[in-house]
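Each chain, written out:
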Amino acid sequence: IPRPRNAFMIYRSTVWAQQKIPTGIERDHRHISRIIGHCWNSLPEEQKRIWRAKAEEEKQEHLKKYPGYRYSP
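So, a few notes on the structure that sits alongside this text. Keep in mind that this is a model prediction, so the values were computed, not measured.

### Quick word on the pattern of salt bridges
And then number 1: Within the structure shown, the criterion is met by three salt bridges.
And then number 2: In this structure, Arg5 engages Glu58 in a salt bridge whose closest nitrogen and oxygen atoms are separated by 2.9 Å. Highlighted residues: Arg5 in the segment before helix H1 (7-17) and Glu58 in helix H3 (residues 45-65), separated in sequence by 53 residues.
And then number 3: For Arg30, the salt bridge is made with Asp28, and the minimal N-O distance between the two is 2.7 Å.
And then number 4: We classify Arg30 as exposed; its relative accessible area is 58%.

Put into structure tokens, the structure is as follows:
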């Protein structure tokens with residue numbers, strides 16, 4: 001069972017899906033995560049709250065779908 005994504009992971013997925021970083025410029029996902037991480041850190045708090053709310057929604061959906069789920073690495 002996959003864990004629910006956090007706010008940054010949802011933000012990163014959205015930025016990547018919108019192709020804000022063209023694959024011709026960068027293909028290495030480690031570097032892409034760093035670039036998007038800098039963008040995330042520069043976001044104002046009110047925009048981060050939007051992504052945190054989306055993460056909370058995903059977490060609640062995950063709870064409904066897998067009620068007894070416990071993360072164990």
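### What about the packing of aromatic side chains?
And then number 1: Under the counting rule described, the total for this entry stands at three aromatic pairs.
And then number 2: Ring geometry for Tyr11 against Trp40: centres 5.4 Å apart, planes inclined by 55°, an arrangement best described as tilted. Taken together, the residues span a long stretch of sequence, with Tyr11 in helix H1 and Trp40 in helix H2 (residues 29-42) at a distance of 29 residues.
And then number 3: You can call Tyr11 buried: its relative accessible area is 10%.
And then number 4: Arranged with centres 5.3 Å apart and planes meeting at 75°, the rings of Tyr11 and Trp51 form a pair that is edge-to-face. Pair noted here: Tyr11 is in helix H1 and Trp51 is in helix H3, with a separation of 40 residues, a long-range link.
And then number 5: Taken together, the ring pairs connect Phe8, Tyr11, Trp40 and Trp51 into an aromatic cluster.
And then number 6: In this structure, Arg3 is placed above the aromatic ring of Tyr71, and the distance from its NZ or CZ to the ring centre is 4.0 Å.
And then number 7: A cation over a ring is seen here: Lys54 above Trp51, with NZ or CZ 4.2 Å from the ring centre.

Criteria and cut-off values
Residues numbered from 1 in each chain as written. Predicted model: local features only at pLDDT ≥ 70, side-chain atom pairs only at ≥ 80, totals over all residues. Heavy atoms only, no water. Salt bridge = Lys/Arg side-chain N within 4 Å of Asp/Glu carboxyl O. Helix = DSSP H or I, 4+ residues; strand = E, 2+ residues; numbered from the N terminus. Buried < 20%, exposed > 50% of the residue type's maximum accessible area, 1.4 Å probe, protein only. Phe/Tyr/Trp six-rings, centres within 6.5 Å; stacked < 30°, edge-to-face > 60°. Lys NZ or Arg CZ within 6 Å of the ring centre and 35° of its normal.

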